[in-house]
Amino acid sequence: MKTFTTLLFALVLVLVKSNYTGKKDHVVLITLQNTLLIMEHRISTAEAKLQQAQHRMSTAEAKLQQAQSKLNQLSGQQKDHIAFSATTTRTITAVGNPLTVRFDKVFLNDGNGYTRHSGHFKAPVAGVYAFTFHGLSSGNKGTIAHLMLNGNVVLGARHNSLTYFTG
């Protein structure tokens, strides 16, 4: 656009200086007119290419937004993945006293639902959770284990030397 303005100014300057009096001036004028037409064509072509580039850029931005949205969606799904796996490396003896088992070796804690120092699992998102546990009782000692939900027993297992019960 700057070149177009410069050429237009040059054309006016030639007309003012020469007052359009001679054949030589006429040739210069025609040359400037042709140059002006060429520059107008180049500007028009450049503007069309700019519009095409802007369209391609808009399309690329829309695709980038779609990809970002999909990535956010997938990231959100990953955040909802809750799992923990833990064990205790010590013998638990709580003769006659209820005891919260605090697992001292945590293998997996996705979603940070399990708190090692309290021994509690708090569901970070609403959902259905499945729990399994394994225990070993030796000798003639009885064993009782409860799975608690908000202070209430939801599952219990009991073992002594004569009977085995789950419920």
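Residues numbered from 1 in each chain as written. Predicted model: local features only at pLDDT ≥ 70, side-chain atom pairs only at ≥ 80, totals over all residues. Heavy atoms only, no water.

Let's talk about the overall build of the protein chain
Which entries qualify depends on this criterion: Each helix is a run of DSSP H or I of at least 4 residues and each strand a run of E of at least 2, with the numbering of both proceeding from the N terminus. Throughout this description, buried means an accessible area under 20% of the type-specific maximum (1.4 Å probe, protein chains only), exposed means over 50%, and partly exposed covers the range between. Surface accessibility follows the Shrake-Rupley procedure with a 1.4 Å probe radius. Residue values consider only the protein chains on display as shielding.
Of regular secondary structure, the protein chain possesses 2 helices and 7 strands. In sequence order, the protein chain lays out its α and β elements as α-α-β-β-β-β-β-β-β. A total of 167 residues make up the protein chain; the buried ones form 10% of that total. Per element, the accessible surface of the protein chain, about 13,900 Å² overall, is 58% carbon and sulfur.

Some details on the side chain of Ser118
Note the threshold: The contact rule is simple, with two residues in contact once any of their heavy atoms fall within 4.5 Å.
Within the fold, Ser118 resides in the loop between β3 (114-115) and β4 (120-121). The exposure class of Ser118 is buried, given its relative accessible area of 19%. Each residue touching Ser118, except ones within four places of it in the same chain, is listed here: Thr100 and Arg102.

Let's talk about the packing of aromatic side chains
Note the following rule: Here a pair means two rings of Phe, Tyr or Trp (six-membered ring of Trp) with centres within 6.5 Å. Their orientation is stacked below 30 degrees between planes, edge-to-face above 60, and tilted elsewhere.
Within the structure shown, the criterion is met by 5 aromatic pairs. Relative to Tyr114, the ring of Phe103 has its centre 5.8 Å away and its plane inclined at 50°; by these criteria the two rings are tilted. Of this pair, Phe103 sits in the loop between β1 (83-87) and β2 (105-110) while Tyr114 sits in strand β3, and the two are 11 residues apart along the sequence. Owing to a relative accessible area of 24%, Phe103 belongs among the partly exposed residues under this scheme. With a centroid separation of 5.5 Å and an interplanar angle of 75°, the aromatic rings of Phe121 and Phe131 are classed as edge-to-face. Of this pair, Phe121 sits in strand β4 while Phe131 is found in the loop between β4 and β5 (143-149), placing the two residues 10 residues apart along the sequence. Here Phe121 falls in the partly exposed class, since its relative accessible area comes to 24%.

In short, shape yes, function no, at least from these values alone.
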